[in-house]
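Each chain is listed here by its residues.
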Amino acid sequence: MKGTDVVDVVIAGGGIIGLSLALELRLRGLSVTVMERGQAMSSASWAAGGMLAVNDPQNPPALMPLCVRSWDLYASYLDRIESLSGLRVPLRTRRTLQEPKSPRTSNGLATTAEIAELAPGLYPEGHSFEWLEEGSVDPNDLREALPAAVRAAGGKLLETTEVLGVESTVSGVHVQTVRDSISAGMFVNCCGAWAGGQRWGGVPVEPVKGHMANVRCDPNRLRCVVRTPKVYLVPRGDGRVTIGATIEQAGFDEVVYEAQIKELMDSALLLLPEATIPSPIDAWAGLRPGTPDGLPILGAAKFEHCWHATGHYRDGILLAPVTARVMTQAMLGETPDVSLEAFAPTRFES
Ligand SMILES: Cc1cc2nc3c(=O)[nH]c(=O)nc-3n(C[C@H](O)[C@H](O)[C@H](O)COP(=O)(O)OP(=O)(O)OC[C@H]3O[C@@H](n4cnc5c(N)ncnc54)[C@H](O)[C@@H]3O)c2cc1C
């Protein structure tokens, strides 16, 4: 076998999960190489809305402890990225107007006056909203800052380096790439929507497509996230309002289709009538890593010295800090901050 490098950990996948884990492992003193088959932060982690949706009523209840811990960690996570990379990733919003799942009495709902203060451009007719104390980030900010932070921390990031397979040995793993092979103490599958392949041991991760687009609006007219069952609006503070997202079973198709974008735009413009559609249209699609129970897959794989950190579905931007923390703890034989029982890769075995 060619290649003589030996590192503590090899991570396949340079999205937010692989890179955040690399950062945490580096800070605990381990040598880490991230192998990304394309460009880092160019798949789901770039396509995302960036909402840190801790209290989204669509989240499975079992996700709550991870969500809460991750939100607790977020400020220090962003500070760490900034101090290493020199690039600031600000919270772009700090509050969310959420349409409740089932109708409510006016008790606890946002009042017209409150809505007019943070979202004067919103046309709330026919909707009721409650306030959630949640933030959002612009994934474009992380796209540059996170890889730079990993490199500044001493992590190695190899782009255009596809991992083809992993072989477990008594003392570690051999990781086969398109070019070479590398020996490591441990291997982590952070391949997002592509994490379900047989080469990783066959965890049930499936791609779930989401179309997204930007519209434009005076930044003072919408200063919080708005979420309804049909559409969400995420203002970036600079005139862009990111709208999303469809939920489609479309395999690995990442093509943008006009019909889906039109439907999103129509729903968004009903809520924010003064928004304008840029020309050319600014739209994209990404693949969420979905799992059968909507929960991430975090823990030891069935092959010795191999781990999974994947399946973050609609919440990987929110869950990156806690994933990095609990995976590092588990890999070092420590007790994780949050129990990983509900997220064990073995839960799908019959
Ligand atoms: C439309 C959309 C909207 C979303 N909105 C939000 C949101 O508002 N808030 C939120 O928290 N989350 C959101 N998400 C979810 C979030 O984006 C994902 O959960 C998260 O990005 C997953 O990160 P990841 O690193 O696992 O995957 P990815 O970012 O997809 O990274 C996986 C990487 O692995 C690489 N890879 C695959 N196979 C190999 C291989 N064999 N060798 C090497 N590299 C490989 C891929 O090239 C890719 O770069 C959204 C997702 C989508 C698609």
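S.K.: I keep staring at the environment of Glu 159 and nothing clicks. Help me out?
M.R.: Relative to the elements of secondary structure, Glu 159 occurs in the loop between strand 5 (156-158) and strand 6 (163-168). Looking at Glu 159, the relative accessible area reads 24%, which means it is partly exposed. Put simply, Glu 159 and Ala 116 are 43 residues apart on the chain and 46 Å apart in space, counted from C-alpha to C-alpha. Those residues within four positions of Glu 159 in sequence are excluded, and the remaining contacts are Glu 36, Gly 38, Gln 39, Ala 40, Arg 151 and Arg 179. One polar contact links the side chain of Glu 159 to the main-chain amide nitrogen of Ala 40, over a distance of 2.7 Å.

S.K.: Which parts of the structure should I look at to understand the site of the ligand?
M.R.: As a matter of local geometry, the ligand sits amid 38 residues, with Glu 36, Ser 45, Met 51, Val 163 and Arg 314 nearest to it. One nitrogen or oxygen atom from the main chain of Ala 44 is found 3.1 Å from an oxygen atom belonging to the ligand. Ser 45 is positioned with one of its side-chain polar atoms (N or O) 2.5 Å from an oxygen atom of the ligand. Relative to its unbound accessible area of 1000 Å², the ligand is 98% covered by the protein chains. Secondary structure elements with two or more residues in the shell around the ligand: helix 1 (16-27), helix 2 (44-47), strand 9 (206-216), strand 13 (282-290) and helix 7 (316-331). By residue number, the principal contributor to the shell around the ligand is strand 13, which donates four residues. Taken together, the residues of the shell around the ligand sort by class into 18 nonpolar, 13 polar and seven charged. Looking at the shell around the ligand, you find at least three residues from each of domain 1 (6-85 + 139-204 + 292-348) and domain 2 (96-132 + 206-290).

S.K.: What am I meant to see in the domain arrangement of the chain here?
M.R.: Interface extent is often summarised as the accessible area lost during association of the parts. Looking at the assigned domains, one finds that the chain contains domain 1 (6-85 + 139-204 + 292-348) and domain 2 (96-132 + 206-290). One C-alpha centre belongs to domain 1, the other to domain 2, and the line joining them spans 28 Å. Each partner contributes residues to the interface: domain 1 has 21 residues there, and domain 2 has 23 residues. Across the domain 1 to domain 2 interface the summed buried area is about 1900 Å²; carbon plus sulfur atoms make up 64%. On the domain 1 side of the interface with domain 2, the three residues burying the most area are Met 51, Ala 193 and Tyr 313, jointly 31% of the side's total. Seen at the junction of domain 1 and domain 2, the total is one salt bridge. One salt bridge in this structure joins Asp 56 and Arg 227, with 3.7 Å as the shortest N-O distance. The set of elements that each furnish at least two residues to the side of domain 1 that touches domain 2 consists of helix 2 and helix 5 (139-152). Split by residue class, the side of domain 1 that touches domain 2 holds 12 nonpolar, seven polar and two charged.

Here is what the cut-offs are and how they apply
- Residues numbered from 1 in each chain as written.
- Predicted model: local features only at pLDDT ≥ 70, side-chain atom pairs only at ≥ 80, totals over all residues.
- Heavy atoms only, no water.
- Helix = DSSP H or I, 4+ residues; strand = E, 2+ residues; numbered from the N terminus.
- Buried < 20%, exposed > 50% of the residue type's maximum accessible area, 1.4 Å probe, protein only.
- Contact = heavy atoms within 4.5 Å.
- Polar contact = N/O pair within 3.5 Å; in protein donor to acceptor, adjacent residues only side chain to side chain.
- Near = heavy atom within 4 Å.
- Areas by Shrake-Rupley, 256 points an atom, 1.4 Å probe, with all protein chains shown as cover.
- Nonpolar A, V, L, I, M, F, W, Y, C, P; charged D, E, K, R; others polar.
- Domains from an automatic or database assignment.
- Buried area = accessible area lost by both parts, 1.4 Å probe.
- Salt bridge = Lys/Arg side-chain N within 4 Å of Asp/Glu carboxyl O.

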